[in-house]
Amino acid sequence: MAEASLLDRSRTVAGPGYNRWLVPPAALAIHLAIGQAYAFSVFKKPLGALISGNPDAPAPADWTPGQLGVIFSIAIVLLGLSAAIFGTWLERVGPRKAMMASALCFGGGFFIAALGVHLHSIWLVYFGYGFVGGIGLGIGYISPVSTLIKWFPDRRGVATGMAIMGFGGGAMIGSPLAVTLMDYFKAAGTGTLGVAATFLAMGLIYLLFMQFGVWTIRVPADDWKPEGYVPSNEHNALITTGNVTADNAIKTPQFWLLWVVLCMNVTAGIGVLETASPLIQESFSDGVMGAGRGVTAAAAAGFVGLLSLFNLLGRFFWSSASDKMGRKTTYAIYFGLGILLYALVPTLGAGAQLTLFVVVTCVILSMYGGGFATIPAYLSDLFGKLQVGAIHGRLLTAWSTAGVLGPVIVNYLHSNAKENGMVGAAAYQSVFYTMAGLLVVGLIANFLVRPVAEQYFEKEPAKKTAA
């Protein structure tokens, strides 16, 4: 079919003189769309009141917060699994076909979830947004990354930071968009508090928006390289000039050390994300700060938005800085500085040091985001760019693990502290001290990373000599 052939990798190879800076906007179009997943919490209250019609007084038949929390968990687990499963396929068929698959799954997930909301079937919502949408998340997350690394071998951190910054910023678009649409459709009397119609509209909007990325993405010719660029590991022994396949990469200790690095960084970051709003309200309440001076729910929402901004900015800042400092040094900063800052958070809360508390948590979130953006460049340094997308996909199972592990640890420790009579900042001490301990594990794993052994590299084809 002629239409199908337009998606083939061969149709995306850039011609001579193509400006590589035209590629990052295509990557951003995909990541800004799928980054909406970070804003799913805006649907929780209305989804929990579809029967009663009143989010503040749910009916017995309404979905519980526990049931609704599973939706996001399924999506994150499927993100990691689909990235791992489809990574090698992506390298074979190219980014355009993968981006189209992502758009269809992500948009289609909204459509199926809308039907689930209309029929009040939580299992259809799980299947739609969680399963199908999660597959779209995973394929979309990795689809532009290896392409950008191939276009920017001299600036790998900048390249991956530009794309993955979009995923961090997706919630800043998705959250107000969802709220505006729900208000509009609710006022229009569409039923289901406007949620079903909003799912349909957002599915269509994101499906169309992602087409910009699908049809503008280009890959470089096999023999292309930036003018004046000479591959070399003279100044950093961790940067290879060879290539390791995805199947061989998972046999190396380096892959599993980086798996631990990513898992620990993400699990610790979730410790802040999961507790941000209640933590700042409980630690800096009127009882602590004085009547009328405590942090309100509205101010806490602003604090969460500020954390999202630093999550976004950190993705570009830290990954770009890693081009100069080196990936191993950058992660040493994430973990070394992170250990100190995580351990400091409960003290600042107990001492009612609000300004310092905000500054410290913003720095923590910037390094959380930076960890996501720096890891593809770290993988490319160690394993080469041949199948870095597939290797990255397999490593993202660490994110899926952290997405389940993090909330379990946080909720258990916090609930246990409250049962023991702790209140305010004290109720979160064990959470942050435990997260600091996880960062120690990550620091050790990063320290142990060494260059990949020669036995895992692809053998270069023998060069023909003149007769």
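Going by the annotation in an unreviewed UniProt entry, the name recorded for the protein is Nitrate/nitrite transporter NarK, with Hymenobacter psychrotolerans DSM 18569 given as the source organism.

Colleague: Where do I start with the domain arrangement of the protein in this structure?
Modeller: Often, the extent of an interface is quoted as the loss of accessible area on bringing the components together. Domain annotation of the protein identifies domain 1 (9–216) and domain 2 (233–454). Here domain 1 and domain 2 have C-alpha centroids that lie 23 Å from each other. In this complex, domain 1 contributes 30 residues to the contact, which on the side of domain 2 involves 35 residues. Summing both sides of the interface, domain 1 and domain 2 together bury roughly 2700 Å²; the carbon and sulfur share of this comes to 68%. Its largest share of buried area at the contact with domain 2, domain 1 owes to Tyr 38, Arg 156 and Met 165, together 19% of the area lost on that side. A salt bridge links Asp 381 to Arg 156; the shortest N-O distance between them is 3.5 Å. Applying the counting rule to domain 1 against domain 2 returns 15 residue pairs in polar contact (both at pLDDT 80 or more). Residue assignment for the side of domain 1 that touches domain 2 shows that the elements contributing at least two residues are α4 (65–93), α6 (122–142), α7 (145–151) and α8 (156–187). Looking at the side of domain 1 that touches domain 2 element by element, the count peaks at 12 residues for α8.

Colleague: Please clarify how the environment of Thr 216 should be interpreted in this entry.
Modeller: When you line up the elements, Thr 216 lands in helix α9 (residues 195–216). By relative accessible area, Thr 216 is classed as partly exposed at 24%. A sequence separation of 189 residues divides Thr 216 from Ala 27, and the C-alpha atoms of the two residues are 9.3 Å apart. Leaving out residues up to four positions away in the same chain, Thr 216 has contacts with Tyr 18 and Ala 26. A distance of 2.5 Å separates a polar side-chain atom of Thr 216 from the backbone oxygen of Phe 212.

Cut-offs applied
Residues numbered from 1 in each chain as written. Predicted model: local features only at pLDDT ≥ 70, side-chain atom pairs only at ≥ 80, totals over all residues. Heavy atoms only, no water. Domains from an automatic or database assignment. Contact = heavy atoms within 4.5 Å. Buried area = accessible area lost by both parts, 1.4 Å probe. Salt bridge = Lys/Arg side-chain N within 4 Å of Asp/Glu carboxyl O. Polar contact = N/O pair within 3.5 Å; in protein donor to acceptor, adjacent residues only side chain to side chain. Helix = DSSP H or I, 4+ residues; strand = E, 2+ residues; numbered from the N terminus. Buried < 20%, exposed > 50% of the residue type's maximum accessible area, 1.4 Å probe, protein only.

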